[in-house]
Each structure stands twice: as structure tokens, then as C-alpha cells.
Amino acid sequence: MTLSRLSAPAVLGAAEMPDATTQQALGYPSLFLLVFLGALVPVVPTGALVSGAAVVAFHEAAPLTLLVLFLVSALAAFLGDLVLYWLGQRGVRSRGGSRWLDTLRERAAPDRLEQARAKLDTHGVTVLILSRLIPAGRVPVMLACLLARMPLSRFARGDGPACLAWTATYQLIGIVGGSLFAEPWEGVAAAVVLTVLISAAPGVWRRLRRRTAPSSR
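Every chain is numbered on its own, with residues counted from 1 as its sequence reads. In keeping with the predicted nature of the model, local features appear solely for residues at pLDDT of at least 70, side-chain atom pairs appear and are counted solely at 80 or more, and the whole-chain, interface and lining totals rest on all residues. Only hydrogens and water are set aside; all other atoms, that is, all heavy atoms of the structure, feed into the side-chain values.

- As annotated in an unreviewed UniProt entry, the chain carries the name Membrane protein and comes from Streptomyces gougerotii.
- As stated in UniProt under Subcellular location (unreviewed entry), the record for the chain gives "Cell membrane". UniProt positions are given in the numbering used here, feature names are shortened, and annotations may be inferred rather than shown by experiment.

Put into C-alpha cells, the structure is as follows:
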């Protein structure tokens, strides 16, 4: 399987790139960069990227490519988490905080943060594994670790298995999507829609709870 199948246009639309050099340049490095940046800034739906790439690889019947996809995605997610945690640590240590720490606070709902802190006190770093599997669970748990002043090395020991589990889950979604549809683009579309819905579900649920809370009193 060529790297052209793993470029950003291929993942999102299963389209061919005309130039061979460009195809290679936008292959695994492109996926790595997008997942890495997605771990830092919630602009790119990283789960959808991993699932979409898995769909294309499944239709190419390339088990080795699926393995490389898994390793690239997991490493990118892990390094992205470590960089974000390191930037958050700088904010915790600084009297004035930091933009990154403020961003994490804004992205963590107060109730989810309190739950994360309680689970961290009870289960330790093992809660990191579930945090990446639960939609919108990564940031509250990461912020709880930062506020508890957990060392980066200890955070890394818990985040490594978490990124492996996260990658395996979304790659499995892509494989299932690829097996259900004859055309790669159909499987990619289904995987992207499903992962976006999973990611958006917690936010929608919180908004519904806020709207119904006054009427329930």
C-alpha cells in the first residue's frame, strides 16, 4: 500500500494525489502531525482521522499498514499529550498561570473536573486509561493531574497505555466501518460521522441538562 492512501485527502475523501513525491510527503508524516496537533488543539477530529485511515487500509487488505497506522497514531497522541501536559505544568508553577493552563480550565467542565479529581485520588494514574476512551474525558483528567502536581514521568506511565487503548478503539471503528461498506469512501464517511457524534455527545448532554435543570426544581 502506498503512502498516498494515508494522506489527509485520502482519509477524508479517499481521493488520489497526482504527484508521487507529494503523495509520500502527505502520508504517515501527515497523519502523525494531524494527530499530534489534535492532541494540543481540539481543531482536528483525531479519532475520525485514525478511523478513516483504518478504513482505507482495510480495503487495501494491508495488515502491515494497519500496524504502522496504529504505531504512528499512538505515538503522535502520546507525544501530543506529553507536550500539552508539560505546557500545563509551566502554568501551574507560574504565579500568573499560562494560556495553555487557562485553555485546559475552559475546556474542563467543573463537574467533570471534580469527578476526575475524585477518581484520581482513588485509582491513581490508571484513570488516565479510561480518560481517553470516554468522550471529553481526557482534558478534565489531565487538568486534575496538573492540579495534583503529578510529575511528568508518572503522567507518561499512565498516558502511554491510554493512547494505545484510544488508538486501538478508533482503529477498530474504522475496520468495522470498512467491513460494512463496499466502497472505501462510504466506510470513511460512516467512521467520521460516528466518531464526531461520539465526541459531540458529552457537550450536547451537558447543554440539555442545563436547560432542564430549572424546570426540575
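Okay, back to it.
## Details of the overall build of the chain
Point 1. Starting at the N terminus, helices and strands are each numbered in turn, a helix being any DSSP run of H or I of at least four residues and a strand any DSSP run of E of at least two. The number of helices and strands found in the chain is 11 helices and 0 strands.
Point 2. Mapped in sequence order, the helices and strands of the chain form the string α-α-α-α-α-α-α-α-α-α-α.
Point 3. Looking at the chain residue by residue over its 217 residues, the buried ones come to 43%.
Point 4. Contact criterion: two residues are considered in contact whenever any of their non-hydrogen atoms come within 4.5 Å of each other. For the chain, long-range pairs separated by at least 24 residues make up 75% of all intrachain contacts whose partners lie at least 6 apart in sequence.
Point 5. Surface exposure of the chain reaches about 11400 Å², of which carbon and sulfur atoms provide 64%. Note on classification: 1.4 Å probe, protein chains only; a residue is buried when its accessible area is under 20% of the maximum for its type, exposed when over 50%, partly exposed between these limits. Note on areas: Shrake-Rupley, 1.4 Å probe, and residue coverage restricted to the protein chains presented here.

## Some details on the packing of aromatic side chains
Point 1. Working definition: rings of Phe, Tyr and Trp (its six-membered ring) pair if their centres are within 6.5 Å, and the pair is stacked with planes under 30 degrees apart, edge-to-face with planes over 60 apart, and tilted otherwise. For the coordinates displayed, the defined rule picks out 3 aromatic pairs.
Point 2. Centre to centre, the rings of Tyr85 and Phe155 are 4.0 Å apart; their planes meet at 5°, and the pair counts as stacked. One end of the pair, Tyr85, is in helix α5 (residues 63-93); the other, Phe155, is in helix α10 (residues 152-180), with 70 residues separating them in the sequence. Take Tyr85 and Phe155: they sit in the same class, and that class is buried.

## Quick notes on the UniProt feature "transmembrane region" (unreviewed entry) in the chain
Point 1. When the UniProt feature table is mapped onto this chain, "transmembrane region" (unreviewed entry) is found at residues 31-58, 64-87, 163-182 and 188-208.
Point 2. The span residues 64-87 shows a helical share of 100% and a strand share of 0%, and its end C-alpha atoms are spaced 35 Å apart.

## What to know about unusual backbone geometry
Point 1. Phi at Arg149 takes a positive value of approximately 55°, unusual for a residue other than glycine.
Point 2. In this structure, Arg149 sits in the loop between α9 (138-147) and α10.
Point 3. Among the residues examined, Arg149 registers a relative accessible area of 56% and is labelled exposed.

## Re the packing of α5 against α10
The description of two helices packed together rests on the angle between their axes and the distance between the axes.
Point 1. Contact geometry for α5 and α10: axes closest at 8 Å, N-to-C directions at 140°. Looking at the two axes, α5 sits oblique to α10. Crossing hand, α5 versus α10: right-handed. Where α5 abuts α10, its residues Leu66, Leu69, Phe70, Ser73, Ala74, Ala77, Phe78, Asp81, Leu82, Tyr85 and Gln89 lie against Leu152, Phe155, Ala156, Asp159, Gly160, Cys163, Leu164, Trp166, Thr167, Ala168, Gln171 and Ile175.
Point 2. All amino acids are sorted into three groups, where Ala, Val, Leu, Ile, Met, Phe, Trp, Tyr, Cys and Pro are nonpolar, Asp, Glu, Lys and Arg are charged, and the leftover types, Gly among them, are polar. Across the contact of α5 with α10, the residue classes break down as 16 nonpolar, 5 polar and 2 charged. Helix axes use the C-alpha atoms of the stretch in contact, all axes being lines fitted to C-alpha atoms, and the angles between their N-to-C directions lie in the range 0 to 180 degrees. Angles are sorted into four bins: roughly parallel if under 35 degrees, roughly antiparallel if over 145, roughly perpendicular if 65 to 115, and oblique for all others. Handedness of a crossing is defined here by the sense of rotation of the near helix relative to the far one, left-handed for an anticlockwise turn of less than a right angle and right-handed for a clockwise turn.

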